[in-house]
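# Overview (structure and organization)
If you want the building blocks of each chain, they are given just below.
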Number of protein chains: 2
Amino acid sequence: MEPPAQHRRVTIVDVARHAQVSTTTVSKVLRNAYGTSPQMRAKVRQAIADLGYRPYAAARGMRGQTYTIGVMLPDIRNPFFPEIVDGLTDILWETDYQVLMAPGRNGEKAEARVTEAMIDRGMDGVVLVAPISSRTHLEHVAGIVPTVVVGRHGHSAVYDTVSDDDLTGAALVVDHLADLGHRRIAHIEHSETDPRRIAEMPNAIRAEGYRQAMRARGLEDEIDIVSTTYTQQGGYLGAQQLLARPDRPTAIFAGADIVATGVLQAVSEAGLAVPDDISIAGYDNTSFAALGPISLTSVDQAGRHIGANAAKLLLERIADRTRPTAQVKLSPTLVARRTTAPPPPA
Amino acid sequence: MEPPAQHRRVTIVDVARHAQVSTTTVSKVLRNAYGTSPQMRAKVRQAIADLGYRPYAAARGMRGQTYTIGVMLPDIRNPFFPEIVDGLTDILWETDYQVLMAPGRNGEKAEARVTEAMIDRGMDGVVLVAPISSRTHLEHVAGIVPTVVVGRHGHSAVYDTVSDDDLTGAALVVDHLADLGHRRIAHIEHSETDPRRIAEMPNAIRAEGYRQAMRARGLEDEIDIVSTTYTQQGGYLGAQQLLARPDRPTAIFAGADIVATGVLQAVSEAGLAVPDDISIAGYDNTSFAALGPISLTSVDQAGRHIGANAAKLLLERIADRTRPTAQVKLSPTLVARRTTAPPPPA
DNA sequence: CTGAAAGCGCTAACAG
DNA sequence: CTGTTAGCGCTTTCAG
């Protein structure tokens, strides 16, 4: 009857002893595995409750699963990503899996470090949101751990993907602006120079969608793209360039809402009124866009659904690593608000 | 000379064999531990490079450290928290530690789940940002794993704290508004009813700072607090209540910038102009506040410094779990922008 | 259906 | 300074 040593954790052995069964049985109950009688289960469950036992995930990982899912986010400042995380959590909350996130910082080195860290920690699955890493690296990761890639196009035989139809999304914006009467519609993109990634990255596809839509409207001569980054700063600098043009655009299509925030900033500093002097549209329809004083026209890509789909695909793949990969593509919609209006009279 | 089995990880045994040394030696080199000759180190390093070996963190955790630090964030939407994370990462990036984050979702149950998950995964240390859990729970966690609590006041003998002087911060806002000539200054707080937490939570202390400052300016009869939450939605609903008052306030002090976004929304919908009809101030000085069209007066609490301090304290505590706990308190500053101005003439 | 025993990859004692 | 050995807590064969 002596008290347990101050800092020793309750282990499976303690539970087994308390319930008068073997550790194997306890382990089976823990995993809801096949082959335990109801009485055994009840006894074990009681012992677990009595002792306040929780399995040590690190140890479980040595033989089986860690019940941990890693989510790599490119940028924790972009208000779009929380939507995806919410969608993931909605699904995973009901399961035994714990979600752990890490910032990829929009850099190949940082992303490699994060993915390696997740692999080394024995994570059962990973969700990579808008990764910039090479396809080779993504497939390498997916070869080791079940992987879902979010927001990146392209078909892979080893990982599942969930993405938004960025080509269509960009066209929605261009058409909306052209319908309002704009011709000089400029675009601010997140710079992408690697040809191997151009076909896959959402930012590159939005830019391509912009080009195609401009051509479709007979505005090929008005195509005007500034390359910066999907950050507030990127939007600010990009807009400054555009506003300095001799024939400045009457509308700016920012590749992401976070970019639009910087654009608004630059436009306001230039003493221009939105939408009277210039129209602004974003992409992502973050809660920021809906905000009264901002009221930004934006493309909604249903981040929560994206996240939920990613979670489901990941669970399926964890359950069966050999099933064929799936590509889920969701359709965006345009939410027109007060930052877009007909252009000022020439 | 046969190739290694397709999917077996390279282990410390492989490295030891390749370098013709014992696993102990490899382990020591890995940890930069005392007692290895330069030649040994070189040989081992070479073998590690040759084989592309990376230690399996889950296994290391069984005996020693996992080289993982957990960060619990209450709300991944609040743009203030990335600042803290950046500060943490600045320091931890140089070390072997990997930062993994999880959302506490502003709920006691969710927080318990997250802290347990971190403990169960053998994390070497945790940073809890603005936790709402009971002090008992915090001390329980800190008794198991080195812990730094951020943004919560109160002295503990088992965990270190880093916080902002919220009492002063709130006073800065009230004084600023009172100096401009406001008397009917209202405050929107994040509701706190648990008496045990009132003395510790930053939201409660900001509210108290507001009360004290109002009294100090002889405005005790004008004290007007609405209790909601530190979210955009909370700000929106809180402002709607305030604007419906028969004698509506001429200034609203929102307890956080994210709250101010909702306030701006409600004010705009009510057809009021900022700052001509009503002044608005926030707290946190997020990048959103600096934004041109918003230009929100706010209190800067140097999130990056908070994060860096937390990281340093945590590393110190991991190195020496018996050193006395420290309480770092940083001083906020007011950043006056365009959402505050003298009240409209009565 | 249940249990005994081996071992996952690593580190910590302890010898030499 | 280096190596041998014994586990960490759990899951997994494999017998009973």
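The numbering scheme is per chain: residues are counted from 1 as the chain's sequence reads. The lettering of chains begins at A and the numbering of ligands begins at 1, in the order of writing. Reporting in this predicted model follows two pLDDT cut-offs: at least 70 for local features of residues, and 80 or more for side-chain atom pairs to be given and counted; totals over whole chains, interfaces and linings ignore these cut-offs and use all residues. Excluding hydrogens and water, the side-chain values take into account all heavy atoms of the structure.

### A look at the side chain of Asp224 of chain A
Residues and elements named next belong to chain A. For the record, the criterion: Starting at the N terminus, helices and strands are each numbered in turn, a helix being any DSSP run of H or I of at least four residues and a strand any DSSP run of E of at least two. What qualifies as a polar contact is a pair of N or O atoms within 3.5 Å, subject to a donor-acceptor requirement within protein and to the restriction that residues adjacent in sequence count only when both atoms come from side chains. Pairs of residues are marked as contacts when any of their non-hydrogen atoms sit within 4.5 Å.
Inspection of the secondary structure assignment puts Asp224 in strand 7 (residues 224-228). Only 2.8 Å separates the side chain of Asp224 from the side chain of Arg245, close enough to count as a polar contact. Every residue in contact with Asp224, bar those within four places of it in the chain, is listed here: Ile185, Ala186, His187, Tyr210, Leu242 and Arg245.

### Some points on the domain arrangement of chain A
Counted only if it meets this: Domain extents, as shown, originate in an automatic or database domain assignment.
According to the domain assignment, chain A consists of domain 1 (12-55) and domain 2 (74-346). The distance between the C-alpha centroids of domain 1 of chain A and domain 2 of chain A comes to 47 Å.

### Concerning the packing of helix 6 (residues 108-120) of chain A against helix 7 (residues 135-144) of chain A
Residues and elements named next belong to chain A. The line we're drawing: The convention used is that axes are lines fitted to C-alpha atoms, helices contributing only their stretch in contact, and that angles between N-to-C directions extend from 0 to 180 degrees. For classification purposes, an angle smaller than 35 degrees is called roughly parallel, one larger than 145 roughly antiparallel, one from 65 to 115 roughly perpendicular, and anything else oblique. Nonpolar residues are Ala, Val, Leu, Ile, Met, Phe, Trp, Tyr, Cys and Pro. Charged residues are Asp, Glu, Lys and Arg, and all others, Gly as well, are polar.
Across the interface, helix 6 lies against helix 7 with an axial gap of 11 Å and an inter-helix angle of 5°. Here helix 6 lies roughly parallel to helix 7, going by the angle between them. On the side of helix 6, the interface is formed by Ala112, Thr115 and Ile119, while helix 7 contributes His137, Val141 and Ile144. Looking at side-chain class alone, the contact of helix 6 with helix 7 contains four nonpolar, two polar and no charged residues.

### As for the protein's contact with DNA strand C
Cut-off, in case you're wondering: Whether a residue is near a molecule or strand is decided by its heavy atoms; if any one of them lies within 4 Å of it, the residue is near.
As a structural note, the neighbourhood of DNA strand C is formed by 24 residues, with Thr24 and Ser37 of chain A together with Ile12, Tyr53 and Arg60 of chain B the closest of them. Near the protein, meaning within 4 Å, the atoms of DNA strand C are sugar or phosphate in a fraction of 67%, with bases accounting for the rest. At a separation of 3.4 Å, a base nitrogen of DNA strand C approaches a polar side-chain atom of Arg63 of chain A. Interatomic distance of 3.2 Å between a side-chain N/O atom of Thr24 of chain B and a base nitrogen of DNA strand C.

### Concerning the pattern of salt bridges
Worth spelling out the cut-off: A carboxyl oxygen of Asp or Glu within 4 Å of a side-chain nitrogen of Lys or Arg is what we treat as a salt bridge. Buried means the residue's accessible area, taken with a 1.4 Å probe over protein chains only, is under 20% of the maximum for its type, while exposed means over 50%, and partly exposed covers the values in between.
Tallying each qualifying case throughout the model produces 50 salt bridges over all chains. Between Glu208 of chain B and Arg215 of chain B there is a salt bridge, and its shortest N-O distance comes to 3.7 Å. With relative accessibility at 43%, the residue Arg215 of chain B sits in the partly exposed group. Here the salt bridges do not stand alone but share partners, grouping Arg77 of chain A together with Glu83, Asp86, Asp90 and Arg304 of chain B into one network.

### Some details on the interface of chain B and chain A
Our working definition: When two parts are brought into contact, each loses some accessible area as probed by a 1.4 Å sphere; the total of that loss over both is the buried area.
Taken together, the 56 residues of chain B in the interface contact 56 residues of chain A. Together, the buried faces of chain B and chain A total about 4800 Å²; carbon and sulfur atoms form 54% of this surface. Looking at the side of chain B facing chain A, the largest losses of area belong to Met101, Arg113 and Arg121 of chain B, adding up to 14% of the total buried there. One salt bridge in this structure joins Arg54 of chain B and Glu116 of chain A, with 3.5 Å as the shortest N-O distance. Inspection of the region where chain B meets chain A yields 25 residue pairs in polar contact (both at pLDDT 80 or more). Put simply, the parts of the chain that give the side of chain B that touches chain A at least two residues each are helix 4 (57-63), helix 5 (81-92), strand 2 (98-103), helix 6 (108-120), helix 12 (257-269) and helix 13 (287-290) of chain B. Grouping the amino acids of the side of chain B that touches chain A by side-chain chemistry returns 29 nonpolar, 15 polar and twelve charged.

### A short note on the environment of Ala260 of chain B
Residue and element names in this part refer to chain B. Of note, Ala260 is situated in helix 12. Residue Ala260 is classed as buried on the basis of its relative accessible area of 0%. For the pair Ala260 and Asp124, spaced 136 residues apart in sequence, the C-alpha to C-alpha distance is 37 Å. If near-sequence neighbours (up to four positions away) are discounted, Ala260 is found in contact with Ala254, Ile280, Gly282 and Leu296.

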